[in-house]
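Observations on chain architecture
If you want the building blocks of each chain, they are given just below.
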Amino acid sequence: MTEVRPGNGTSAYDQLVVAAHKPRPSAEKKSLTNSRLYLVAVLVAVAGLALLYAGGRDDWFRSRPGLQILISQVGSVLLAAVALSLLWEWFGKRSFADEILEKVGIGSDVDRAGLTRITDQYLKDVEWERYLQGAEKLDIVVAYARTWRRTHWAQLQDVAKSSKARIRIILPDPAHHATLVVLADRFSRTPPDLKTDIDEAIADFCSLTTDGGAQVELYLHKGDYVFSCYRMDSVAVISMYSHSRKRRSVPTIVCRSGGSLFDFVYDEITDMIESATEMPCADLIAKDPEPAAAEVTDENS
(Lines give C-alpha, C1' and ligand atoms only; values in the text may rest on other atoms or scores of the structure.)
Protein backbone atom coordinates (compact mmCIF):
# COMPACT_ATOMS: atom_id res chain seq x y z
CA MET A 1 0.00 0.00 0.00
CA THR A 2 1.26 3.46 -0.84
CA GLU A 3 2.42 5.35 2.21
CA VAL A 4 0.95 8.84 2.41
CA ARG A 5 2.56 11.21 4.86
CA PRO A 6 0.93 14.34 6.26
CA GLY A 7 2.25 17.69 5.22
CA ASN A 8 2.06 21.12 6.80
CA GLY A 9 -1.68 21.07 7.37
CA THR A 10 -2.69 22.76 4.14
CA SER A 11 -2.47 19.85 1.70
CA ALA A 12 -5.51 18.00 0.42
CA TYR A 13 -4.43 14.98 2.44
CA ASP A 14 -4.28 16.95 5.69
CA GLN A 15 -7.67 18.48 5.00
CA LEU A 16 -9.13 15.01 4.47
CA VAL A 17 -7.61 13.81 7.75
CA VAL A 18 -9.06 16.78 9.62
CA ALA A 19 -12.45 16.15 8.04
CA ALA A 20 -12.30 12.48 9.03
CA HIS A 21 -11.84 13.44 12.68
CA LYS A 22 -14.79 15.80 12.75
CA PRO A 23 -17.98 14.35 14.28
CA ARG A 24 -20.21 12.90 11.59
CA PRO A 25 -23.97 12.78 11.65
CA SER A 26 -25.50 9.55 12.81
CA ALA A 27 -27.44 7.26 10.49
CA GLU A 28 -30.70 8.66 11.92
CA LYS A 29 -29.65 12.22 11.10
CA LYS A 30 -28.59 11.23 7.59
CA SER A 31 -31.93 9.51 7.05
CA LEU A 32 -33.77 12.60 8.29
CA THR A 33 -31.75 14.83 5.97
CA ASN A 34 -32.51 12.59 2.99
CA SER A 35 -36.21 12.55 3.86
CA ARG A 36 -36.28 16.34 3.97
CA LEU A 37 -34.46 16.53 0.65
CA TYR A 38 -36.95 14.22 -1.05
CA LEU A 39 -39.88 16.08 0.49
CA VAL A 40 -38.60 19.41 -0.82
CA ALA A 41 -37.94 17.83 -4.22
CA VAL A 42 -41.52 16.55 -4.40
CA LEU A 43 -42.95 19.94 -3.41
CA VAL A 44 -40.81 21.80 -5.95
CA ALA A 45 -41.69 19.26 -8.66
CA VAL A 46 -45.41 19.66 -7.91
CA ALA A 47 -45.01 23.44 -8.10
CA GLY A 48 -43.20 23.11 -11.43
CA LEU A 49 -45.88 20.87 -12.88
CA ALA A 50 -48.58 23.25 -11.67
CA LEU A 51 -46.84 26.18 -13.35
CA LEU A 52 -46.42 24.22 -16.59
CA TYR A 53 -50.08 23.33 -16.51
CA ALA A 54 -51.04 26.94 -15.90
CA GLY A 55 -48.74 28.12 -18.66
CA GLY A 56 -50.43 25.78 -21.08
CA ARG A 57 -53.88 27.26 -20.49
CA ASP A 58 -54.25 29.81 -23.29
CA ASP A 59 -57.69 30.82 -22.04
CA TRP A 60 -56.15 32.10 -18.79
CA PHE A 61 -53.65 34.42 -20.47
CA ARG A 62 -55.40 35.74 -23.59
CA SER A 63 -54.46 39.30 -22.76
CA ARG A 64 -51.09 38.49 -21.13
CA PRO A 65 -49.02 36.24 -23.40
CA GLY A 66 -45.77 37.44 -21.82
CA LEU A 67 -46.86 36.26 -18.36
CA GLN A 68 -47.91 32.91 -19.82
CA ILE A 69 -44.42 32.38 -21.28
CA LEU A 70 -42.77 33.40 -18.00
CA ILE A 71 -44.85 30.98 -15.95
CA SER A 72 -44.08 28.13 -18.34
CA GLN A 73 -40.36 28.84 -18.20
CA VAL A 74 -40.33 29.02 -14.39
CA GLY A 75 -42.10 25.67 -14.24
CA SER A 76 -39.54 24.13 -16.60
CA VAL A 77 -36.66 25.54 -14.54
CA LEU A 78 -38.10 24.09 -11.33
CA LEU A 79 -38.46 20.62 -12.84
CA ALA A 80 -34.96 20.77 -14.27
CA ALA A 81 -33.58 21.84 -10.88
CA VAL A 82 -35.27 18.88 -9.19
CA ALA A 83 -33.89 16.46 -11.76
CA LEU A 84 -30.34 17.83 -11.44
CA SER A 85 -30.50 17.80 -7.62
CA LEU A 86 -31.59 14.17 -7.52
CA LEU A 87 -28.92 13.13 -10.02
CA TRP A 88 -26.28 14.88 -7.91
CA GLU A 89 -27.58 13.24 -4.73
CA TRP A 90 -27.69 9.75 -6.24
CA PHE A 91 -24.58 9.77 -8.40
CA GLY A 92 -22.67 13.04 -8.39
CA LYS A 93 -21.58 13.34 -4.76
CA ARG A 94 -20.08 9.86 -4.60
CA SER A 95 -18.27 10.26 -7.91
CA PHE A 96 -16.92 13.64 -6.82
CA ALA A 97 -15.65 12.22 -3.51
CA ASP A 98 -14.00 9.31 -5.32
CA GLU A 99 -12.31 11.72 -7.71
CA ILE A 100 -10.97 13.86 -4.85
CA LEU A 101 -9.55 10.80 -3.10
CA GLU A 102 -8.00 9.63 -6.34
CA LYS A 103 -6.43 13.04 -6.90
CA VAL A 104 -4.62 12.94 -3.56
CA GLY A 105 -3.51 9.38 -4.24
CA ILE A 106 -5.37 7.53 -1.48
CA GLY A 107 -8.64 6.59 -3.16
CA SER A 108 -7.54 3.12 -4.26
CA ASP A 109 -5.76 2.52 -0.93
CA VAL A 110 -8.90 3.37 1.03
CA ASP A 111 -10.98 1.08 -1.17
CA ARG A 112 -8.55 -1.85 -0.89
CA ALA A 113 -8.35 -1.46 2.87
CA GLY A 114 -12.14 -1.36 3.19
CA LEU A 115 -11.82 1.76 5.35
CA THR A 116 -15.16 3.39 6.16
CA ARG A 117 -14.28 5.67 9.05
CA ILE A 118 -11.47 7.03 11.21
CA THR A 119 -12.13 8.79 14.51
CA ASP A 120 -10.52 9.42 17.87
CA GLN A 121 -13.81 9.06 19.78
CA TYR A 122 -14.42 5.34 19.77
CA LEU A 123 -17.32 5.46 22.21
CA LYS A 124 -19.19 8.39 20.67
CA ASP A 125 -18.52 8.31 16.94
CA VAL A 126 -18.66 4.59 16.16
CA GLU A 127 -22.22 3.44 15.43
CA TRP A 128 -22.08 0.57 17.88
CA GLU A 129 -25.84 0.17 18.25
CA ARG A 130 -26.32 -0.23 14.50
CA TYR A 131 -23.45 -2.70 14.18
CA LEU A 132 -24.54 -4.78 17.18
CA GLN A 133 -28.21 -4.88 16.23
CA GLY A 134 -28.97 -8.28 14.76
CA ALA A 135 -25.32 -9.35 14.73
CA GLU A 136 -24.84 -13.10 14.33
CA LYS A 137 -21.03 -13.25 14.42
CA LEU A 138 -19.63 -11.12 17.23
CA ASP A 139 -15.95 -11.23 18.21
CA ILE A 140 -14.55 -9.10 21.02
CA VAL A 141 -10.82 -8.76 21.75
CA VAL A 142 -10.22 -6.46 24.74
CA ALA A 143 -8.22 -6.20 27.93
CA TYR A 144 -11.37 -5.76 30.00
CA ALA A 145 -13.37 -2.90 28.39
CA ARG A 146 -15.40 -1.98 31.43
CA THR A 147 -16.84 1.24 29.98
CA TRP A 148 -17.58 -0.21 26.54
CA ARG A 149 -19.05 -3.37 28.05
CA ARG A 150 -21.43 -1.56 30.37
CA THR A 151 -22.35 1.12 27.84
CA HIS A 152 -23.52 -1.53 25.35
CA TRP A 153 -24.66 -4.19 27.78
CA ALA A 154 -28.27 -4.06 26.63
CA GLN A 155 -27.22 -4.62 22.99
CA LEU A 156 -24.91 -7.46 24.04
CA GLN A 157 -27.79 -9.13 25.87
CA ASP A 158 -29.99 -8.81 22.78
CA VAL A 159 -27.33 -10.53 20.66
CA ALA A 160 -26.94 -13.22 23.30
CA LYS A 161 -30.66 -14.04 23.18
CA SER A 162 -30.50 -15.08 19.53
CA SER A 163 -29.97 -18.78 18.90
CA LYS A 164 -28.42 -17.89 15.53
CA ALA A 165 -25.66 -15.80 17.09
CA ARG A 166 -22.13 -16.76 18.13
CA ILE A 167 -20.17 -14.57 20.52
CA ARG A 168 -16.44 -15.05 21.00
CA ILE A 169 -14.58 -13.04 23.63
CA ILE A 170 -10.80 -12.98 24.00
CA LEU A 171 -9.41 -11.60 27.27
CA PRO A 172 -5.95 -11.61 28.85
CA ASP A 173 -5.24 -14.63 31.02
CA PRO A 174 -5.54 -13.33 34.61
CA ALA A 175 -3.53 -16.32 35.86
CA HIS A 176 -0.53 -15.47 33.66
CA HIS A 177 1.69 -13.15 35.71
CA ALA A 178 3.84 -11.92 32.80
CA THR A 179 0.74 -10.84 30.89
CA LEU A 180 -0.61 -8.95 33.88
CA VAL A 181 2.69 -7.15 34.41
CA VAL A 182 2.94 -5.95 30.80
CA LEU A 183 -0.67 -4.79 30.55
CA ALA A 184 -0.72 -3.25 34.02
CA ASP A 185 2.26 -1.12 33.04
CA ARG A 186 0.55 -0.10 29.80
CA PHE A 187 -2.63 0.97 31.60
CA SER A 188 -0.81 2.47 34.62
CA ARG A 189 -2.40 -0.07 36.93
CA THR A 190 -1.10 -2.59 39.41
CA PRO A 191 -1.24 -6.28 38.41
CA PRO A 192 -3.70 -7.13 41.23
CA ASP A 193 -6.06 -4.33 40.18
CA LEU A 194 -5.87 -5.38 36.54
CA LYS A 195 -6.54 -8.99 37.51
CA THR A 196 -9.68 -7.85 39.34
CA ASP A 197 -10.85 -5.97 36.25
CA ILE A 198 -10.25 -9.00 34.01
CA ASP A 199 -12.00 -11.36 36.42
CA GLU A 200 -14.98 -9.00 36.43
CA ALA A 201 -15.03 -8.96 32.62
CA ILE A 202 -14.90 -12.77 32.54
CA ALA A 203 -17.87 -13.01 34.88
CA ASP A 204 -19.88 -10.43 32.96
CA PHE A 205 -19.26 -11.88 29.52
CA CYS A 206 -19.96 -15.43 30.69
CA SER A 207 -23.24 -14.27 32.18
CA LEU A 208 -24.45 -13.67 28.62
CA THR A 209 -24.87 -17.44 28.29
CA THR A 210 -28.58 -18.36 28.29
CA ASP A 211 -30.55 -21.48 27.49
CA GLY A 212 -31.56 -21.44 23.84
CA GLY A 213 -29.49 -18.33 23.22
CA ALA A 214 -26.26 -17.55 21.43
CA GLN A 215 -23.19 -19.73 21.55
CA VAL A 216 -20.85 -17.87 23.92
CA GLU A 217 -17.15 -18.75 23.82
CA LEU A 218 -14.57 -17.15 26.09
CA TYR A 219 -10.82 -17.46 25.53
CA LEU A 220 -7.91 -16.43 27.75
CA HIS A 221 -4.84 -15.23 25.90
CA LYS A 222 -1.29 -15.05 27.22
CA GLY A 223 0.82 -12.12 26.01
CA ASP A 224 0.69 -8.42 25.27
CA TYR A 225 -2.21 -6.54 23.65
CA VAL A 226 -1.39 -3.75 21.20
CA PHE A 227 -4.97 -2.86 20.27
CA SER A 228 -8.58 -3.78 20.92
CA CYS A 229 -10.74 -5.03 18.09
CA TYR A 230 -14.34 -5.98 17.49
CA ARG A 231 -15.91 -7.88 14.63
CA MET A 232 -19.65 -7.62 14.04
CA ASP A 233 -20.58 -9.71 11.00
CA SER A 234 -19.17 -7.75 8.05
CA VAL A 235 -17.85 -4.79 10.06
CA ALA A 236 -14.70 -4.60 12.16
CA VAL A 237 -13.50 -1.91 14.55
CA ILE A 238 -9.86 -1.48 15.58
CA SER A 239 -9.04 0.77 18.52
CA MET A 240 -5.39 1.52 19.13
CA TYR A 241 -3.49 1.67 22.41
CA SER A 242 -1.20 4.56 23.28
CA HIS A 243 2.45 4.06 24.18
CA SER A 244 2.04 6.92 26.61
CA ARG A 245 0.93 6.08 30.12
CA LYS A 246 -1.47 9.02 29.99
CA ARG A 247 -5.17 8.58 29.32
CA ARG A 248 -5.92 10.11 25.93
CA SER A 249 -8.03 9.70 22.83
CA VAL A 250 -6.63 7.18 20.38
CA PRO A 251 -7.33 6.46 16.70
CA THR A 252 -10.18 4.08 16.00
CA ILE A 253 -10.70 2.55 12.56
CA VAL A 254 -13.94 1.14 11.17
CA CYS A 255 -13.66 -1.16 8.15
CA ARG A 256 -15.85 -3.46 6.08
CA SER A 257 -15.43 -7.03 4.91
CA GLY A 258 -13.61 -7.53 1.65
CA GLY A 259 -10.86 -5.11 2.61
CA SER A 260 -7.35 -5.80 3.87
CA LEU A 261 -8.05 -4.26 7.29
CA PHE A 262 -11.02 -6.54 7.90
CA ASP A 263 -8.96 -9.54 6.77
CA PHE A 264 -6.22 -8.49 9.21
CA VAL A 265 -8.67 -8.35 12.13
CA TYR A 266 -10.22 -11.69 11.20
CA ASP A 267 -6.80 -13.38 10.94
CA GLU A 268 -5.65 -11.86 14.24
CA ILE A 269 -8.74 -13.15 16.02
CA THR A 270 -8.33 -16.60 14.47
CA ASP A 271 -4.66 -16.81 15.47
CA MET A 272 -5.36 -15.63 19.02
CA ILE A 273 -8.10 -18.21 19.49
CA GLU A 274 -5.81 -20.98 18.27
CA SER A 275 -3.18 -20.09 20.87
CA ALA A 276 -5.58 -19.21 23.70
CA THR A 277 -7.20 -21.36 26.35
CA GLU A 278 -10.97 -21.70 26.19
CA MET A 279 -12.76 -21.18 29.47
CA PRO A 280 -16.13 -22.99 29.76
CA CYS A 281 -18.59 -20.34 30.85
CA ALA A 282 -20.93 -23.01 32.16
CA ASP A 283 -18.42 -23.69 34.93
CA LEU A 284 -18.47 -20.10 36.10
CA ILE A 285 -21.16 -18.70 38.36
CA ALA A 286 -21.57 -15.02 37.50
CA LYS A 287 -21.98 -12.91 40.60
CA ASP A 288 -23.38 -9.89 38.78
CA PRO A 289 -25.23 -10.85 35.58
CA GLU A 290 -26.32 -7.29 34.89
CA PRO A 291 -23.48 -4.79 35.35
CA ALA A 292 -24.46 -1.40 36.66
CA ALA A 293 -24.24 1.55 34.30
CA ALA A 294 -20.76 2.99 34.17
CA GLU A 295 -19.66 6.54 33.67
CA VAL A 296 -18.51 7.01 30.09
CA THR A 297 -14.80 7.82 29.93
CA ASP A 298 -12.07 7.62 27.34
CA GLU A 299 -11.01 4.20 28.62
CA ASN A 300 -9.97 2.07 25.69
CA SER A 301 -8.97 -1.26 27.13
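Residues numbered from 1 in each chain as written. Predicted model: local features only at pLDDT ≥ 70, side-chain atom pairs only at ≥ 80, totals over all residues. Heavy atoms only, no water.

Thoughts on the state of the cysteines
Between two cysteines, a covalent bond joining their sulfur atoms is known as a disulfide. Taken as a whole and judged by the stated rule, the model has one disulfide. Across the disulfide from Cys206 sits Cys281; the S-S distance is 2.2 Å. An S-S torsion of about -65° defines the bridge between Cys206 and Cys281 as left-handed. With Cys206 in helix H9 (residues 191-206) and Cys281 in the segment after strand E8 (277-279), this residue pair connects regions lying 75 residues apart in the sequence. (Disulfide = S-S within 2.5 Å. Helix = DSSP H or I, 4+ residues; strand = E, 2+ residues; numbered from the N terminus.)

Structural notes on a negative patch on the surface
On the surface, a cluster of negative charge is made up of Asp263, Asp267, Asp271 and Glu274. Mapped onto the elements, Asp267 comes out in helix H10 (residues 260-275). On the accessibility criterion, Asp267 (43% relative accessible area) is partly exposed. (Patch = residues over 30% accessible without salt bridge, like charges linked within 9 Å, V, L, I, M, F, W, Y side chains within 5 Å. Areas by Shrake-Rupley, 256 points an atom, 1.4 Å probe, with all protein chains shown as cover. Salt bridge = Lys/Arg side-chain N within 4 Å of Asp/Glu carboxyl O. Lys, Arg positive; Asp, Glu negative; His and termini not counted. Charge placed at Lys NZ, Arg CZ, Asp CG, Glu CD. Buried < 20%, exposed > 50% of the residue type's maximum accessible area, 1.4 Å probe, protein only.)

Overview of the nonpolar core
Ile140, Trp148, Leu156, Leu171, Phe205, Leu218 and Tyr230 are the most contacted members of the largest nonpolar core, which has 60 residues in total. Ranked by residues supplied to this core, first place goes to H9 with six residues. Ignoring any residue separated from it by four or fewer positions in sequence, one finds Phe205 in contact with Ile140, Arg149, Leu156, Ile169, Leu171, Val216 and Leu218. (Core = buried A, V, L, I, M, F, W, Y, C linked by side-chain atoms within 4.5 Å. Contact = heavy atoms within 4.5 Å.)

Some details on the sheet that holds strand E4 (residues 215-221)
What the eight strands build is an open sheet, ordered E1-E7-E6-E5-E2-E3-E4-E8; its pairing is mixed. Every other strand in the sheet has two partners, leaving strand E1 (115-119) and E8 as the edge strands with one partner each. For this sheet, the mean inter-axis angle between neighbouring strands, taken without regard to orientation, is 15°. Inspection of the sheet shows strand E2 (residues 137-141) paired to strand E5 (residues 227-232) by four bridges, in the antiparallel sense. (Pairing = 2+ DSSP bridges. Axes fitted to C-alpha atoms, helices over the stretch in contact; angles between N-to-C directions.)

Section: helix H8 (residues 177-186)
Among the residues of H8, those classed as buried are Thr179, Leu180, Leu183, Ala184 and Arg186. Burial along H8 is one-sided: seen end-on, the buried residues are contained in an arc of 155°. Tucked inside the fold, the buried residues of H8 contact strand E3 (166-172), H9 and E4. The first or second residue beyond H8 is Ser188, which carries a positive phi of 55°. (Arc of directions from axis to C-beta.)

Details of the packing of aromatic side chains
Scanning the model with the defined rule gives six aromatic pairs in all. Judged by centre distance (4.9 Å) and plane angle (70°), the rings of Trp128 and Tyr230 are edge-to-face. Linking Trp128 in helix H5 (residues 128-132) with Tyr230 in strand E5, this pair joins segments that are 102 residues apart in sequence. Judged by relative accessible area, which is 1%, Tyr230 ranks as buried. Measuring from ring centre to ring centre gives 5.4 Å for Phe187 and Tyr241, while their planes differ by 90°; the resulting arrangement is edge-to-face. Separated by 54 residues along the polypeptide, Phe187 in the loop between H8 and H9 and Tyr241 in the loop between strand E6 (235-240) and strand E7 (252-256) bring together distant segments of the chain. Grouping residues by exposure puts Phe187 and Tyr241 together as buried. Among the aromatic residues, ring-to-ring pairing joins Trp128, Trp148 and Tyr230 into one connected group. Above the plane of the ring of Phe205 lies Arg149, whose end atom (NZ or CZ) is 5.9 Å from the centre. (Phe/Tyr/Trp six-rings, centres within 6.5 Å; stacked < 30°, edge-to-face > 60°. Lys NZ or Arg CZ within 6 Å of the ring centre and 35° of its normal.)

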